[in-house]
Protein chains: 4
Amino acid sequence: YPRLRRFIIAPYDRRYRWWQMFLIILVVYSAWASPFEVAFKKLGTGSLLVPDLVVDAFFAIDIVVSFFVAYLDKSTYLLIDDPKKIAFRYVARSGFTMDVASTLPFQIIYRVVTGKRNGSSLFAFINLLRLWRLRRVGDLFARLEKDIRFSYFWTRYIKLIFVTLFAVHSAGCMYYWMAVHYRIKKMTWIGSIMEDFESRGIWLGYVYSLYWSIVTLSTVGYGDLHAMNTGERVFNIFFMLFNIGLTSYLIGNMTNLIVHGAIRTFIMRDTIHELSRYASKNRLPDSMKQQMMSHLQLKFKTVELQQEEVLADLPKAIRSSIAQHLFQRTVETSYLLKGISEDLIAQLVPELKAEYFPPKVDIILQNEIPTDFYIVVSGELDMLTHNNGTEQFLQRLGPAEMAGEIGVIFNIPQPFTVRSRRLSQVVRIGHHLFQQIVQPHIADGNIIISNFKQHL
Amino acid sequence: YPRLRRFIIAPYDRRYRWWQMFLIILVVYSAWASPFEVAFKKLGTGSLLVPDLVVDAFFAIDIVVSFFVAYLDKSTYLLIDDPKKIAFRYVARSGFTMDVASTLPFQIIYRVVTGKRNGSSLFAFINLLRLWRLRRVGDLFARLEKDIRFSYFWTRYIKLIFVTLFAVHSAGCMYYWMAVHYRIKKMTWIGSIMEDFESRGIWLGYVYSLYWSIVTLSTVGYGDLHAMNTGERVFNIFFMLFNIGLTSYLIGNMTNLIVHGAIRTFIMRDTIHELSRYASKNRLPDSMKQQMMSHLQLKFKTVELQQEEVLADLPKAIRSSIAQHLFQRTVETSYLLKGISEDLIAQLVPELKAEYFPPKVDIILQNEIPTDFYIVVSGELDMLTHNNGTEQFLQRLGPAEMAGEIGVIFNIPQPFTVRSRRLSQVVRIGHHLFQQIVQPHIADGNIIISNFKQHL
Amino acid sequence: YPRLRRFIIAPYDRRYRWWQMFLIILVVYSAWASPFEVAFKKLGTGSLLVPDLVVDAFFAIDIVVSFFVAYLDKSTYLLIDDPKKIAFRYVARSGFTMDVASTLPFQIIYRVVTGKRNGSSLFAFINLLRLWRLRRVGDLFARLEKDIRFSYFWTRYIKLIFVTLFAVHSAGCMYYWMAVHYRIKKMTWIGSIMEDFESRGIWLGYVYSLYWSIVTLSTVGYGDLHAMNTGERVFNIFFMLFNIGLTSYLIGNMTNLIVHGAIRTFIMRDTIHELSRYASKNRLPDSMKQQMMSHLQLKFKTVELQQEEVLADLPKAIRSSIAQHLFQRTVETSYLLKGISEDLIAQLVPELKAEYFPPKVDIILQNEIPTDFYIVVSGELDMLTHNNGTEQFLQRLGPAEMAGEIGVIFNIPQPFTVRSRRLSQVVRIGHHLFQQIVQPHIADGNIIISNFKQHL
Amino acid sequence: YPRLRRFIIAPYDRRYRWWQMFLIILVVYSAWASPFEVAFKKLGTGSLLVPDLVVDAFFAIDIVVSFFVAYLDKSTYLLIDDPKKIAFRYVARSGFTMDVASTLPFQIIYRVVTGKRNGSSLFAFINLLRLWRLRRVGDLFARLEKDIRFSYFWTRYIKLIFVTLFAVHSAGCMYYWMAVHYRIKKMTWIGSIMEDFESRGIWLGYVYSLYWSIVTLSTVGYGDLHAMNTGERVFNIFFMLFNIGLTSYLIGNMTNLIVHGAIRTFIMRDTIHELSRYASKNRLPDSMKQQMMSHLQLKFKTVELQQEEVLADLPKAIRSSIAQHLFQRTVETSYLLKGISEDLIAQLVPELKAEYFPPKVDIILQNEIPTDFYIVVSGELDMLTHNNGTEQFLQRLGPAEMAGEIGVIFNIPQPFTVRSRRLSQVVRIGHHLFQQIVQPHIADGNIIISNFKQHL
């Protein structure tokens, strides 16, 4: 990471990240408290006043801190640490104004300025401005969804739960507020079954509100609590319209996650299924079918070891260093390439193809046309020869030993069958490519030839 | 755009488009007013009569205008401005008949012809013919969905909201109409809880209707309002059947949008995830893993700069002019190609491959086999050399400077490593292709050789 | 179609198909009548008795007919018309037994045998065997879904509606049957609000049943009708469990149809969107962007004309005859290929690539490297030349005229630009392939050369 | 399968599998009984006590057995049968502790130790530990989903039904428990409509519980039963929140299954549809269109015979042995390759491409350029010649007969058309590849030439 000016913090600074995470917790508190104080007004001026002010203070600090956080310029992908540019960006992109508006404790200011202790619900509504902070939660989830250290499934799942709970909580609080402010208590959704609901305590009122809210959101609609006056009906209409959207959104997201999660299983099942149908339609013997199946199943189990195609997207330089890390030692210690120049090694290694074989798979077949030769990286291979229909064991090949090179060099049908004994990794290089790379290095070519002669 | 005959308007004429948009607003009014007047009959002959007539007048004008709007012939893709053909097409494709039928103010005609002021609800039902105009809204949304200037998500979303609201509104109005026309008011869905509902005013009746309608549509079904007589039950049955379809349609659309929106994220996450698993399974060192990850993440961030494959669909001529616009100046000012003929430039430029590199990526590796040479378009590259394991900085390359051409021309392993300093764009051409294109231009070939000698 | 033995009918025989379609209508009647007769017992022995017997008679006829319908053998794909095999297959695959069981009028048989007029509901339940005929509806829909003459969307949609209506109807009838057979009428779902429901007539009872059924299925659940005794509760539990499955099935199918329907739009939008982002990120001039966009939009509009890749799946013979049908005349009348042998034409035509160009697209660019030459099939092309930056019109090319052949034959950069005037179809052949095909035909080669000379 | 030490059981041992399946049944019993005993306390100490103890005993046996079951090591893919390693793995992966905790009969132990017969519901809750066994059901379904012998659709479907039923049952039991333990019976969900519910018997209480539970889960919410006190409301809130998730999960899974099931149909329909549009846009004659359609339809019907691309994933050795099993006999008996060496056969056979042709398809066209020759494996082909526009039948080709070899060997346009008579399988080899493989085998080459001369 580049060095920044004094007092300027990088956005990916560890401490800044923790500070942001801490603020998220405060946002969750605000998201809960703001609608709650609208419904249960006394709390906003009572027991919740102090926590509210403390939370506001922290967000005020964050506004100040924001002037000292560098940002990434989108066109050059460089960090900008010029305080003027940072300030301009923060103020101009309008976040600043809303940040300040959602942090000022208007009620306290009013009290200080006018000296009056006003309890009107106006301030509770002004406090809803704090919900602007929810934007941070949105940003957090957007970032988490792209961060592979966290499961996409759970990130998304928690987000959906959070959205649902917030909708339930807000609607419940609004509905309770409507009941409190309606003239005839008997004609409200809660008053119709419990006229003295206001004196029964916050806890009871809150449970009733949430209960009504979730009964409506989940579309259960028992009907024990329902709108009693026109105002409640209108609110209910909008809440239900919103719920149709929310429910579709929940189901859509769930479907998306399930569909994505099942893709791998479907690919595996379909492949195996097709192979199985091919085998039975062509009446292949059972042993052959078994062999096909067990190969495929093991292949899907070891899939994470074989992702050569993933590497293809990386720049050549990274791929080369990966190949060197993984195979250079093996190549250097193989009898055929022992002692050749570093230059040649550096050119050969990136061209190697790595392959994994589950146990009991034939890698080279006797009599097949030679195209590649192999170096064992890990695991064990058996060298076998077929004579008059019987299989004879010749030799066991371990790491750094080679297979198939005799067929390639003499350009004759492979004299041996080579079969894996256990999960084995080999690297492979085609003989045309090998010749092409070695040709310009005459000295190295001679070393290889003499290595080979010595081995024979 | 081609010139059209006098008085004929092109369908994509800006003013005609605005006129169409204005009519859409009137359609929305009609969609709301027609069912509303069925339920609250007095309005149709009262306060809503004048706006209805004004709206009808506008649609009458549009019928006339339609005879002067050219259309696109599907087989030749040419605009047809022959008035006869336009008229034939409009009248014959049956739209005309319905347009007229949905515009004539039958009630006024009846009153004028018979002299009687008939208030029967027959005319309110005839006015439902105006819903034919909704076809325009359908057409509009079909066009918007294909217009990339508008977000598909929001277009679709607004369409779904519109459909839902229209269903809620229409069902509510029909249901209210049934209550009004039932003999025993106490045995209607609304009369059972408020017998004098007709005298309570339109507003209250409308809210009750919408409330019942949305309670049913969202399947909440509190049960405070429910069908009381057989007629209402039958209507309710059809409305609920319709709602099952509508709900499925809403959820299906939502799922579709979410699934499509998540594809990009899934691709990114899956790619990074596989790479990460590859790294950990193969126990690659952390620094290497970090390098792989940061490359991939930057790649996904700059994806919109690298869409060469999108261009592949365009005809050669367009691609050539894009390439010339972007790279001709760079090529002309590069030392090697300075002074060559315009012909050769014109043949070379379309063959260049453009690539973006995030900061700190190796573009050419020392000792690798030379295949391409590069010209810097923007950004900065570093030329480095490795000696006994230490890296030495040689030179900085800016726009129009070249890299890798020495290895290519002498056909030797690349003598230098070239690495990007910041987000950089380079163009690349393979040396075989380069030779092939230059070969026939002998004079230009000589210029290139002398340029190269001079540079050395 | 092959000839079959006497009296044997092919399964795809037009009259047999109509007979099958007619039976489907009777199946729909059976599906409605069987549960209905269980609930409203008197009907089964009263006014519905005659139609039931008539329907049974038709199905009895179909059982006989089935012994004369050939079938397609799955292993040889040949029609089997051997009566013994047909009979064996029909009886053995068990359809026969159920067909007979669902057709016998047990109630009539009982009355004839015992002489008693038994009205017990046992026979109504036995009549539910007729629902076995629904299998035919399932088969029909399975066939329709694969038949491209019918819209998949509507086929599926109608199937879903049918399934839903059948579920609603059956559950309603069962529920009514339970109420009728419960001892204490006041303790039944319908009796609790209308004790004398049985004497109120079938129509009212049926509406109440359907109403309850659909209120439950759509999960509205007003609660005005609800289970009153344990038996009803148990039935209700199973119906609701079934409904969860049915609702998911409806939504899943809807989603599937919507997702599939949107794929094409998404592909179009994404392609255009990416191109647009490429243009703006690379700051291409507006005119160039316009050209790119209009090309892409026209391309998507003419997509059905350009499905060469669809043809790739067809066997060579069919592809050849299509190509000959479409292009042979054009090739034979082109000046260059006039008079060559039929053999050569037959070999050339299948190798032609057909392409459509929207208006104003450059097909050949002056100075580009010649690779293909073109013959106009339909539409018009303009031949242009660029001199000192100004474009000069040279010639108009119509059907059977050629473009680009001069560059190809002399192997020089194309001397002219060729641009489409309107939607045009051209065929194209690469010059390497052309040489390769013509080479062995020495006489034809000479004709081509003399044609070319004459043209110059 | 490898041999294991004495007393050690392989995890895929047939008898062990059956034992596991038997335990699954006991798990289902536990899943039902544990919540049930919480609600209906007397049962847990009464009639269900003995079955509970028997089930616990079986799971105790399984804990012992688990110490003798080998496991598959993930890194070497070998079975580990070392008792120490097995024990360490079982105890350390924490399954052991929970297995024991969920098996100990705490109630009995308590009674034995203290001598008191305690009926407190504490033990019922402790028994909920048995739900840990559900993990086995999860494992089973995870395994079944990957096992292609079972339909994925039904596996998944049964899993969803199981999850739903378990949720309904558990919630019902908990809700009943709450009613039993509330002071004022009249203020409970069930007591409010039936105050003496406890004395009405278990069966009635269980039906009411399930009824309420399923009414809530399916979101029908009639409202005849609903929460009456705060505790019930809170429980209800959590149950409804859970249900939103469960419903989305059910719908998402259903959609996933339906979407996957429809892919094949969509591909088929889209292909046919595009071809049909191509034909009509290009005004191809009806006979040609018919031919195209019937080819495609047969192709989709015989798709399982043509899955060459599935084989591509298998290792070369398996592919070779499949090819040898299928085609060696045919190749050996074909007149051209009769008598050649086994070596050459072994090299030729894996390179053959197998193809199926529906009846009446042209395989070779007279006059086309020869590229491949064919050997019939099964079915029948017709050899035809075209003379002056009329088709003449020449010869019928059966298994092991060859087609197209004359054109290939003399390198002349194919002299005959070859067409399939019925569903036929042929193998095909390109003449370049054939020459390349045969070249090094000089003796075999001579045999082939003499075979060919003899045939002429």
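The rules we used
Residues numbered from 1 in each chain as written. Chains lettered and ligands numbered in written order. Predicted model: local features only at pLDDT ≥ 70, side-chain atom pairs only at ≥ 80, totals over all residues. Heavy atoms only, no water. Contact = heavy atoms within 4.5 Å. Buried area = accessible area lost by both parts, 1.4 Å probe. Salt bridge = Lys/Arg side-chain N within 4 Å of Asp/Glu carboxyl O. Polar contact = N/O pair within 3.5 Å; in protein donor to acceptor, adjacent residues only side chain to side chain. Helix = DSSP H or I, 4+ residues; strand = E, 2+ residues; numbered from the N terminus. Nonpolar A, V, L, I, M, F, W, Y, C, P; charged D, E, K, R; others polar. Buried < 20%, exposed > 50% of the residue type's maximum accessible area, 1.4 Å probe, protein only. Patch = residues over 30% accessible without salt bridge, like charges linked within 9 Å, V, L, I, M, F, W, Y side chains within 5 Å. Areas by Shrake-Rupley, 256 points an atom, 1.4 Å probe, with all protein chains shown as cover. Pairing = 2+ DSSP bridges. Axes fitted to C-alpha atoms, helices over the stretch in contact; angles between N-to-C directions. Parallel < 35°, antiparallel > 145°, perpendicular 65-115°, else oblique. Left-handed = near helix turned anticlockwise from the far one by under 90°. Least-squares fit on C-alpha atoms with pLDDT ≥ 70 in both. Core = buried A, V, L, I, M, F, W, Y, C linked by side-chain atoms within 4.5 Å. Bend = angle between axes of the 7 residues up to and from the residue. Lys, Arg positive; Asp, Glu negative; His and termini not counted. Charge placed at Lys NZ, Arg CZ, Asp CG, Glu CD.

## Quick notes on the interface of chain D and chain A
Logical step 1: Between chain D and chain A, the contact holds 63 residues from the first and 63 residues from the second.
Logical step 2: Summing both sides of the interface, chain D and chain A together bury roughly 5,700 Å²; the carbon and sulfur share of this comes to 67%.
Logical step 3: Where chain D meets chain A, there are two salt bridges.
Logical step 4: Summed over the shared surface of chain D and chain A, the number is nine residue pairs in polar contact (both at pLDDT 80 or more).
Logical step 5: If you list the elements that add at least two residues to the side of chain D that touches chain A, you get α8 (134–146), α10 (202–217), α11 (230–281), α13 (308–311), α14 (316–333) and α15 (342–348) of chain D.
Logical step 6: Top contributing element to the side of chain D that touches chain A by residue count: α11(D), with 19 residues.
Logical step 7: The class makeup of the residues in the side of chain D that touches chain A is 30 nonpolar, 23 polar and 10 charged.

## Topic: the pattern of salt bridges
Logical step 1: Scanning all chains against the criterion turns up 85 salt bridges over all chains.
Logical step 2: The salt bridge partner of B:R428 is B:D372, with a shortest N-O separation of 3.0 Å. Of the two residues, B:R428 sits in strand β10 (residues 424–430) while B:D372 sits in strand β5 (residues 372–378), which places them 56 residues apart along the sequence.
Logical step 3: In this structure, C:D196 and C:R200 form a salt bridge, with 3.5 Å as the shortest nitrogen-oxygen distance.
Logical step 4: Exposure remark for C:D196: the relative accessible area of 38% places this residue in the partly exposed category.
Logical step 5: The network of salt bridges with shared partners includes A:E37, A:D52, A:D56, A:R130 and A:R133.

## Here we look at the side chain of D:D81
Residue and element names in this part refer to chain D.
Logical step 1: As for its placement among the helices and strands, D81 is situated in the loop between β2 (79–80) and α4 (83–92).
Logical step 2: Of the polar contacts made by the side chain of D81, one reaches the backbone nitrogen of R5; its length is 3.1 Å.
Logical step 3: In contact with D81, not counting residues within four places along its chain, are R3, L4, R5, I8, A70 and I86.

## Considerations on a nonpolar patch on the surface
Logical step 1: Residues A:L104, A:I109, A:V112 and A:V113 make up a contiguous nonpolar surface patch of about 380 Å² in total accessible area.
Logical step 2: Looking at the element boundaries, A:V112 is found in helix α6 (residues 106–114).

## As for the sheet that holds strand β8 (residues 402–403) of chain B
Pairing between sheet strands relies on hydrogen bonds along the backbone, with the strands arranged either parallel or antiparallel.
Residue and element names in this part refer to chain B.
Logical step 1: Strand order in the open sheet formed by four strands is β3-β10-β5-β8, and the pairing between neighbours is antiparallel. Two strands in the sheet have a free side with no partner beyond their single neighbour: β3 (353–357) and β8.
Logical step 2: Relative to β10, β3 runs antiparallel, the two sharing five bridges. Bridged to Y356 within β10 is Q425.
Logical step 3: In the packing of helix α14 (residues 316–333) onto the sheet, the strands contacted are β3, β5 and β10, and the crossing angle to β5 comes to about 110°.

## Remarks on the packing of helix α1 (residues 14–39) of chain A against helix α8 (residues 134–146) of chain A
Residue and element names in this part refer to chain A.
Logical step 1: Two elements in contact, α1 and α8, have axes separated by 9 Å at closest approach and are oriented at 130°. The pairing of α1 with α8 is recorded here as oblique in orientation. Crossing of α1 against α8: the hand is left-handed. Of the residues in α8, those touching α1 at R17, Q20, M21, L23, I24, V27 and A31 are L134, R136, V137, L140 and R143.
Logical step 2: Here the contact of α1 with α8 is built from residues that sort into eight nonpolar, one polar and three charged.

## Notes on the environment of C:L225
Logical step 1: By the secondary structure assignment, C:L225 is in the loop between α10 (202–217) and α11 (230–281).
Logical step 2: In this structure the C-alpha to C-alpha distance between C:L225 and C:W189, which are 36 residues apart in sequence, comes to 5.9 Å.
Logical step 3: Dropping the residues within four chain positions of it, C:L225 is found in contact with C:W189, C:I193, C:Y208, C:Y211, C:W212 and D:Y222.

## A short note on the relation of the copies chain D and chain A
Logical step 1: When chain D is fitted onto chain A, the two copies agree to an RMSD of 0.1 Å after a turn of 90° and an axial shift of 0.1 Å. When the rotation and shift are considered jointly, the pair of chain copies conforms to a four-fold rotation axis.

## Structural notes on the nonpolar core
Logical step 1: Of all hydrophobic cores here, the largest spans 175 residues; its most connected members are A:W189, B:W189, C:W189 and D:W189.
Logical step 2: The contact partners of B:W189, leaving out residues within four places of it in the chain, are B:Y175, B:Y176, B:A179, B:Y208, B:S209, B:W212, B:L225, B:H226, B:A227, B:M228 and B:E232.

## What to know about the sheet that holds strand β6 (residues 381–387) of chain B
Residue and element names in this part refer to chain B.
Logical step 1: With respect to topology, four strands assemble into an open sheet ordered β4-β9-β6-β7, the strand pairing being antiparallel. The sheet is open, and its two borders are formed by β4 (362–364) and β7 (390–397), each paired with just one other strand. Pairs of neighbouring strands in the sheet enclose a mean axial angle of 35°, with direction left out of account.
Logical step 2: Pairing of β4 with strand β9 (residues 417–420) involves two bridges; the strand directions are antiparallel. When the sheet's bridge partners are listed, D362 is paired in β9 with R419.

## Quick notes on helix α11 (residues 230–281) of chain B
Logical step 1: A bend of about 35° at B:I263 is the largest found in α11(B).
Logical step 2: Backbone geometry just after α11(B) places B:R283 at a positive phi near 50°.

## Some remarks on a positive patch on the surface
Logical step 1: Positive charge collects at one region of the surface, where A:K74, A:R89, A:R93, A:K146 and B:K301 lie side by side.
Logical step 2: Structurally, the position occupied by A:R93 is in the loop between α4 (83–92) and α5 (95–101).
Logical step 3: Judged by its relative accessible area of 46%, A:R93 falls in the partly exposed class.

## Re unusual backbone geometry
Residue and element names in this part refer to chain D.
Logical step 1: Of note, F7 is a non-glycine position whose phi angle comes to about 70°, a positive value.
Logical step 2: A positive phi angle, near 60°, is found at T219, a position not held by glycine.
Logical step 3: Within the secondary structure, T219 is located in the loop between α10 and α11.

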